Amino acid sequence: MRAADFLIIGSGVAGLRAAIALAPAGRVVVLTKADPAESNTGYAQGGIAAAVGDDDSPELHAADTVRAGDGLCDESAVRVLVGEGPAYVRELLEWGTRFDRDARGRPALGREAAHSVRRVLHAGDATGREIGRVLWNLVAGLRGVEIVAHALVTRLIVDGPHVVGASFVDPDGTSHEIHAKATLLATGGAGQVFRETTNPGVATGDGIALAYHAGAGVADLEFVQFHPTALNLPGVPRFLISEALRGEGARLVNCHREAFMSRFHPDADLAPRDIVARSIMREADSTGGDIFLTLAHLDPTYVVERFPTIADMCRRVGLDLARDPIPVGPAAHYIMGGVYTDGWGRTSRPGLYAAGEVACTGVHGANRLASNSLLEGLVFGARAAIAMQSPAGGGDFTPAKGWRLRDRYDPGAPASRHQPLASEEVRDLMWR
Ligand code: SIN
């Protein structure tokens, strides 16, 4: 049996940002089930949204987030995200993150669907990889942070109501236990539950299952976001074709090469992601043909320079991103629900915290605004680390208004985080 002060399960942006904050306060162990850099973070293309532009404000960012979330966001969580976000992004800049710059040398701001202004900082079309690089470099230099790779966590260790660590299996199949005063789930999403997904193989929903089996509350698991534009070629992985392309003018067309999104929403190609995904399915059904993204009306040099990773991926499958119609379709991308937490990452079990995609703070409502996920990982990873260092976890779990662990499941009620299932009740429903 090993012991640490702080145990972090997962090594994406939320886990790494928490590790950086926790390192001065005690011994930190990070368990990661694959190679350290393999997480959804590294696959994030579009960028990180933050209200840093002259025409922007946290209030405007909040309004866009709530509108995209179908009005089902927890507005206090949204205020935290958009209010604290810019400071965490500035910190990334100070740490050497190489975001693209505009002519004045300031971070260039991209546009994505459902944002009313340009607010997405980006590093080409591989922003997650760049942020991951910076966070990893920092973590690697921290004494007192131990990374254990290829550690598959099988169970959280529970002592009464408290979570006190985790069991994991190493690549030889040997089991280990590690005890900690505070354990953070930062295990990312669950896209691999679906056949069509943009997520890497590690996104198997482990954190939600671990928390649920330890008796922590989970919420909003039905809120799964399908990204509208994954590459749709038979036999080829569903590679993400970033929404940032539509932000720069790319258009969706049907099999007759007609643009159709304005028939479904006034914002046309820049409508919220859930609306675009559903519209694509409806248009494909009604025309009986595939849907494509076209950039042929844009400057080809700009397209290839701005989106080098996507252009390269298209080239490998015989497509010219700047010229050819690119076949696209929806694929599971992000789960808005997860382990229910308050604004400090505290779950309903003392000693257990969650941050990033595995958590459900309610910040995304029913549909996440593009490029809010890296921001979520930074802000709530750092906040969970603050709570983990405080005596007694920084206070009691304070669920949002309307949430009670003993709420009864009502099949007639509208699906929203205000009717979450306590894990005991999920268990009842599953095994009845
Ligand atoms: C994209 O680049 O389209 C994805 C970004 C995100 O999911 O926020």
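Here the structure is a predicted model, which means the values were calculated and not measured. Counting restarts for each chain, with residues numbered from 1 along the sequence as it is written. Given that the model is predicted, a residue must reach a pLDDT of at least 70 before its local features are reported, and side-chain atom pairs must reach 80 or more before they are shown or counted; all residues, however, enter totals for whole chains, interfaces and linings. Side-chain figures throughout are based on the complete set of non-hydrogen atoms in the structure, without hydrogens or water.

With that settled, consider the packing of aromatic side chains. Stacked, edge-to-face and tilted labels apply to pairs of Phe, Tyr and Trp rings (six-membered ring for Trp) whose centres lie within 6.5 Å, assigned for plane angles under 30 degrees, over 60, and everything in between, in that order. Under the definition given, this model contains two aromatic pairs. Their ring planes at 85° and their centres at 5.3 Å tell us that Phe194 and Phe226 sit as a pair that is edge-to-face. Residue Phe194 is found in the loop between β9 (175-185) and α5 (206-213), and its partner Phe226 is found in strand β11 (residues 224-231); the two are separated by 32 residues along the sequence. We call a residue buried when its accessible area falls under 20% of the maximum for its residue type, exposed when it is over 50%, and partly exposed in between, using a 1.4 Å probe and counting protein chains only. Classification of Phe194 by relative accessible area gives partly exposed; the value is 31%. Arranged with centres 6.2 Å apart and planes meeting at 90°, the rings of Phe260 and Phe264 form a pair that is edge-to-face. The exposure class of Phe260 is buried, given its relative accessible area of 0%. Note on criteria: charge over ring means Lys NZ or Arg CZ within 6 Å of the ring centre, with the direction from the centre no more than 35 degrees off the ring normal. Positioned above the aromatic ring of Phe292, the side-chain terminus of Arg257 is 4.5 Å from the ring centre. Above the plane of the ring of Trp344 lies Arg383, whose end atom (NZ or CZ) is 3.8 Å from the centre. For helices the rule is a DSSP run of H or I covering at least 4 residues; for strands it is a run of E covering at least 2, with both sets numbered from the N terminus onward.

Now for the site of the ligand. Whether a residue is near a molecule or strand depends on its heavy atoms: it is near if one of them lies within 4 Å of it. Within the structure, the ligand sits among Gln45, Gly46, His227, Leu240, Ser242, Glu243, Arg273, His333, Arg368, Ala370 and Ser371. In protein, a polar contact means a hydrogen-donor-capable atom and an acceptor-capable atom, both N or O and within 3.5 Å, with residues adjacent in sequence counting only if both atoms are side-chain atoms; elsewhere, any N or O pair within 3.5 Å suffices. Measuring from an oxygen atom of the ligand, one finds a side-chain N or O atom of Ser242 at 2.6 Å. Glu243 places a polar main-chain atom, nitrogen or oxygen, 2.6 Å from an oxygen atom of the ligand. When the ligand sits alone it has 260 Å² of accessible area, and the protein chains cover 96% of it. Per-residue and other accessible areas were derived by the Shrake-Rupley procedure at a 1.4 Å probe size, with only the shown protein chains allowed to occlude residues.

So, about helix α3 (residues 75-94). Each helix should span, by expectation, one fewer than its residue count multiplied by 1.5 Å. The end-to-end C-alpha separation of α3 is 29 Å, in line with the 28 Å expected for 20 residues at 1.5 Å each. Fitting axes to the seven residues ending at a residue and to the seven starting there, one defines the bend at that residue as the angle between these axes. Maximum bend of α3: about 40°, positioned at Gly85, with proline Pro86 one to four residues after it. Residues Ala77, Val78, Val80, Leu81, Val82, Gly85, Pro86, Tyr88, Val89, Glu91 and Leu92 constitute the buried set of α3. Packed against the buried residues of α3 are α1 (13-22), β3 (48-49), α2 (58-68), β5 (120-121), α4 (127-140) and α10 (373-389). The positive-phi residue at the C-terminal boundary of α3 is Gly96, with phi of around 100°. Two residues qualify as a contact provided that any one of their heavy atoms is within 4.5 Å of a heavy atom in the partner residue.

One non-glycine residue, Ala114, lies in the positive phi region at around 70°. As for its position among the elements, Ala114 is in the loop between β4 (109-110) and β5. Owing to a relative accessible area of 14%, Ala114 belongs among the buried residues under this scheme. Although it is not a glycine, Asp220 sits at a positive phi angle of roughly 60°. Topologically, Asp220 is positioned in the loop between β10 (218-219) and β11. Since its relative accessible area comes to 4%, Asp220 is described here as buried.

Our focus in this paragraph is the sheet that holds strand β14 (residues 326-335). By the convention used here, strands pair only if DSSP detects at least 2 bridges between them. Read from one edge of the open sheet, four strands run β11-β14-β13-β12, paired in antiparallel fashion. A strand with exactly one partner marks an edge of an open sheet, and here the two such strands are β11 and β12 (251-253). Between one strand axis and the next, the sheet turns through 45° on average, direction left out of account. As defined by bridge partners, β12 adjoins strand β13 (residues 291-294) across three bridges and the pair is classed as antiparallel. Paired with Val253 across the bridge in β13 is Phe292. Axis angles are defined between N-to-C directions and span 0 to 180 degrees, where every axis is a line fitted to C-alpha atoms and, for a helix, only to the segment in contact. Helix α7 (residues 273-287) contacts β11, β12, β13 and β14 of the sheet and is inclined by roughly 60° relative to β11.

Moving on, we get to the side chain of Arg346. Its place among the elements puts Arg346 in the loop between β15 (338-340) and β16 (352-354). A relative accessible area of 7% places Arg346 in the buried class. At 2.8 Å, the side chain of Arg346 and the side chain of Asp342 are in polar contact.

For the rest of this paragraph, the subject is the pairing of strand β7 (residues 152-159). Across seven bridges, β7 lies against strand β8 (residues 162-169) in antiparallel orientation. Looking across to β8, one finds that Val153 is bridged to Phe168.

Buried within α2 we find His61, Ala62, Asp64, Thr65, Val66 and Ala68. Against the buried residues of α2 lie β3, α3 and α10. At the exit of α2 stands Asp70, carrying a positive phi of roughly 65°.

Moving on: the confidence of the model for the chain. pLDDT gives the predictor's per-residue confidence on a scale running from 0 to 100. Here the chain shows a mean pLDDT of 91. Residues at 70 or above account for 90%. This stretch, residues 404-432, has a pLDDT under 50; its non-local contacts, to residues over four places away or in other chains, come to 54 contacts.

Okay, the pairing of strand β2 (residues 28-32) next. By the criterion of burial, β2 is predominantly enclosed, with five of the five residues buried. Because side chains alternate across β2, one face comprises the buried residues Val28, Val30 and Thr32, and the other comprises Val29 and Leu31, equally buried. Bridge count for strand β1 (residues 2-9) against β2 is four bridges, and the pairing is parallel. Counterpart to Leu7 in the pairing with β2 is Val29. With strands facing away from the observer, any crossover in which the path from the first strand over the helix to the second runs clockwise is taken as right-handed. Once the chain exits β1 it traverses α1 before rejoining the sheet at β2, and the crossover so formed is right-handed.

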